[in-house]
Amino acid sequence: MIFALETSCDETSTSIISPEGKILSHIIVKQSDHEKFGGVVPEIASRSHIQILQKIIPQTLFEAGMEISSINAFCSTCGPGLIGGLLVGSTVAKTMAIANNKPFYPINHLEGHALSVQINKKIDFPFLLLLITGGHTQIYYVHKIGSYKLLGTTIDDSVGETFDKVAKMLGMKYPGGPEIEKRAIQGNEKKIQFPKPLIKNNDFNFSFSGLKTAVRLKIIKEKNKNNSFTNDVCASFQNTVIEILLRKTEMAIEYVNENFPKINNLVVAGGVAANMQINKSFISLCKKHSLKLAMPPKELCGDNAAMIGWACLQRFNLGYKGDINFKPRPRWGLEELNDEILVNKI
Ligand code: KG4
Ligand code: ZN
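Every chain is numbered on its own, with residues counted from 1 as its sequence reads. Starting at A for chains and at 1 for ligands, labels are handed out in the order in which the entities are written. Reporting in this predicted model follows two pLDDT cut-offs: at least 70 for local features of residues, and 80 or more for side-chain atom pairs to be given and counted; totals over whole chains, interfaces and linings ignore these cut-offs and use all residues. Computation of side-chain values: all heavy atoms of the structure, hydrogens and water removed.

Caption draft 1: Summary view of the sheet that holds strand β3 (residues 23–30). For two strands to be treated as a pair, DSSP must find no fewer than two bridges joining them. A helix here means a DSSP run of H or I that spans at least four residues, while a strand means a run of E at least two residues long, and both kinds are numbered starting from the N terminus. As summarised here, the arrangement of the 5 strands in space is β3-β2-β1-β4-β5, forming an open sheet in which the pairing is mixed. A single partner strand is all that each edge strand has here, and the edge strands are β3 and β5 (104–108). Taken pair by pair, the neighbouring strands of this sheet meet at an average axis angle of 20°, ignoring direction. Pairing analysis gives 4 bridges linking strand β1 (residues 2–6) to strand β4 (residues 73–79), with the strands arranged parallel. If you follow I2 over to β4, its bridge partner there is A73. We call two residues in contact when some of their heavy atoms are within 4.5 Å. As a rule, the C-alpha atoms of each element are fitted with a line to give its axis, helices using only the stretch in contact, and angles between N-to-C directions run from 0 to 180 degrees. Packed on one face of the sheet, helix α9 (residues 305–317) meets β1, β2 (11–17), β3, β4 and β5 and runs near 135° to β1.

Structure (structure tokens):
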């Protein structure tokens, strides 16, 4: 039985995962205090995590019908993320572990997202991963747990951050991704041509800051900022992002097919994967390349403790040991988790 905490950004979440990998209880509290600031305020987030955890930890045990003495290991996200939140979550989880004489596992948030698809579906390794969150836009070849190969990353903004900033320019509330998705349904995606930075480059890297600037200039120039203009900006922007994601992922698929052990699945995970238009577009890409598309259910796309507990369970079962002395890290790439011997094989 694993007790997991997630506090790396503005969701405070707790979960209990059974030895078979079933989610026995799961609570996600989306902090709403940040909406009016148009983005996450780290200090407010840390303080809110403390308040919320006090309420939801007992609720999590109650929901699972369990005493804390039945828990075999405690874990929390230890990075990457906002350091204040990481410190709150890891200090609470470590304290629970010490008080109950059980191990504490520091879990990498990106590994949580990467493996989140496996909670409800059996997805075999290796797979190609497109990780699209508020902090990251990356493509990985996931050979197995502890063996991640970074193929491409954003050189500036992440895709989620770009959605949030464009939404802010249009006067929408934070987080902007779901707002833009809603408005895009009513807009014309072909109405405005936006640039697709790095699309012609022969690598798997992304860049979104030029696109963001192009949207800003378009909004500044437009005299008649009515609803239909906003809808068209949302639809055209979202469509441009999708075309960039599809192109770079397709290039990575072709590269992996030629250079690495065969993959059967493309996994698209992270908060932005909740976008239905992105989901639809990747279905056709996967068909074209005879791959299965695996995306987490909507409630497991955004930040949540179940994916952290799941990643912990996999590590626990593989014999990895806990580490009560682990210091949370605001920056902590997936490749830093690699067991060198495994990685050298690919
Ligand atoms: O994975 P996540 O919850 O947090 C990080 O690890 O960063 O991702 C949050 C990001 C936010 O930028 C949010 O706007 C975006 O995911 N997002 C979406 C949608 N739902 C959430 N972006 C586009 N379309 C959506 N439906
Ligand atoms: Zn996340």
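Now that the structure has been shown, the text picks up again.
Caption draft 2: The domain arrangement of the protein, seen in detail. Domain boundaries assigned for the protein yield domain 1 (2–115 + 302–343) and domain 2 (123–295). At the interface, 25 residues of domain 1 touch 24 residues of domain 2. In total, about 1,900 Å² of surface goes out of reach between domain 1 and domain 2, with carbon and sulfur atoms giving 65% of it. Salt bridge criterion: a side-chain nitrogen from Lys or Arg within 4 Å of a carboxyl oxygen from Asp or Glu. Linking domain 1 with domain 2 are 0 salt bridges. Identification of polar contacts relies on pairs of N or O atoms within 3.5 Å, with a donor-acceptor requirement for protein atoms, meaning one able to donate a hydrogen and the other able to accept it, and with residues adjacent in sequence counted only if both atoms are side-chain atoms. Across the domain 1-domain 2 interface, the total number found is 5 residue pairs in polar contact (both at pLDDT 80 or more). If you list the elements that add at least two residues to the side of domain 1 that touches domain 2, you get α3 (109–115), α9 and α10 (340–344). Among the elements that make up the side of domain 1 that touches domain 2, the one with the highest residue count is α3 (5 residues). What fixes the domain bounds is an automatic or database domain assignment. Throughout, the accessible surface (probe 1.4 Å) given up by two parts as they are put together, summed over both, is called the buried area.

Caption draft 3: Broad picture of the site of ligand 1. Around ligand 1 sit 20 residues, and of these G134, D164, E181, G271 and N275 come closest. G134 has a polar backbone atom sitting 2.8 Å from an oxygen atom of ligand 1. Within the backbone of D303, a nitrogen or oxygen atom sits 3.1 Å from an oxygen atom of ligand 1. Of all the elements in the fold, those that place two or more residues in the shell around ligand 1 are α3, α4 (159–169) and α5 (176–185). Top element by residues in the shell around ligand 1 is α5. It accounts for 4 residues. Inspection of the shell around ligand 1 shows a minimum of three residues originating in each of domain 1 (2–115 + 302–343) and domain 2 (123–295). Being near a molecule or strand, for a residue, comes down to having at least one heavy atom within 4 Å of it.

Caption draft 4: Examining the nonpolar core more closely. With 55 residues, the main nonpolar core has F3, C75, L129, Y140, Y148 and V267 as its most contacted residues. At 8 residues, the largest contribution of residues to this core is made by α9. Mapped onto the domain boundaries, this core takes at least three residues apiece from domain 1 (2–115 + 302–343) and domain 2 (123–295). The residues contacting F3, other than those within four sequence positions of it, are T14, S15, I16, I57, T60, L61, I71, A73, F74, C75 and M96. Joining through side-chain atoms within 4.5 Å is the link that ties buried Ala, Val, Leu, Ile, Met, Phe, Trp, Tyr and Cys residues into a set, and such a set is a nonpolar core. For the exposure calls, accessible area comes from a 1.4 Å probe over protein chains only, and a residue counts as buried if that area is under 20% of its type's maximum, exposed if over 50%, partly exposed in between.

Caption draft 5: Layout of the packing of aromatic side chains. Aromatic rings from Phe, Tyr and Trp, taking only the six-membered ring of Trp, are treated as a pair when their centres fall within 6.5 Å; an angle between ring planes under 30 degrees marks them as stacked, one over 60 as edge-to-face, and anything in between as tilted. One pass over the structure, following the stated rule, counts 9 aromatic pairs. With a centroid separation of 5.3 Å and an interplanar angle of 50°, the aromatic rings of F204 and Y255 are classed as tilted. Linking F204 in the loop between α5 and α6 (209–221) with Y255 in helix α7 (residues 227–259), this pair joins segments that are 51 residues apart in sequence. By way of ring pairs, the aromatic residues Y141, F204, Y255 and F260 are connected into one cluster. Here R315 stacks its cationic end above the ring of Y320, 4.4 Å away from the centre of that ring. The criterion is that NZ of a Lys, or CZ of an Arg, lies within 6 Å of the ring centre and within 35 degrees of the ring normal, and then a charge sits over that ring.

Caption draft 6: Just the coordination of the zinc ion (ligand 2), in detail. At the metal site, the zinc ion (ligand 2) is ligated by H109 (NE2), H113 (NE2) and D303 (OD), and these contacts range over 2.0 to 2.1 Å. Note that water is not among the atoms used; donors are N, O and S atoms within 2.8 Å of the metal (3.2 Å for Na, K and Ca), so sites may look incomplete. In short, tetrahedral needs four donors with all angles between 85 and 135 degrees, square planar needs four and octahedral six donors with opposite donors over 155 degrees apart and all other angles between 65 and 115, and whatever is left is irregular. Bound by 4 donor atoms, the zinc ion (ligand 2) shows angles of 96 to 137° at the metal and therefore irregular coordination geometry. Going along the chain, you hit the donors of the zinc ion (ligand 2) in the pattern H-x3-H-x189-D. Here H113 and H109 lie together in helix α3, a separation of 4 residues that amounts to about one turn. You'll find H109 and H113 in the same group, each marked buried.

Caption draft 7: Structural view of the side chain of S207. Structurally, S207 can be placed in the loop between α5 and α6. Given a relative accessible area of 7%, S207 falls into the buried group. Side-chain polar atoms of S207 contact the side chain of D156, separated by 2.7 Å. Once you skip the residues sitting within four places of it in the chain, S207 turns out to touch T154, I155, D156, P197 and L198.

Caption draft 8: Spotlight on the layout of surface pockets. Using protein atoms alone on a 1 Å grid, points that fit a 1.4 Å probe yet trap it form a cavity, whereas open point sets bounded by protein on both sides within 12 Å along at least five of seven lines form a pocket; residues with an atom within 4 Å of a point count as lining. Grid points are joined across faces, edges and corners, and a volume is the space filled by probe spheres set on the points. Counted as a void, the second largest pocket has a volume near 200 Å³. Residue lining of the second largest pocket: 14 residues in total, with P106, R315, F326, W332 and L337 positioned closest to the centre. Per-element accounting of the lining of the second largest pocket gives the leading share, 4 residues, to β5. Of the residues contributing to the lining of the second largest pocket, the split by class is 7 nonpolar, 1 polar and 6 charged. Each residue is assigned to one of three groups, with Ala, Val, Leu, Ile, Met, Phe, Trp, Tyr, Cys and Pro labelled nonpolar, Asp, Glu, Lys and Arg labelled charged, and all others, Gly among them, labelled polar.

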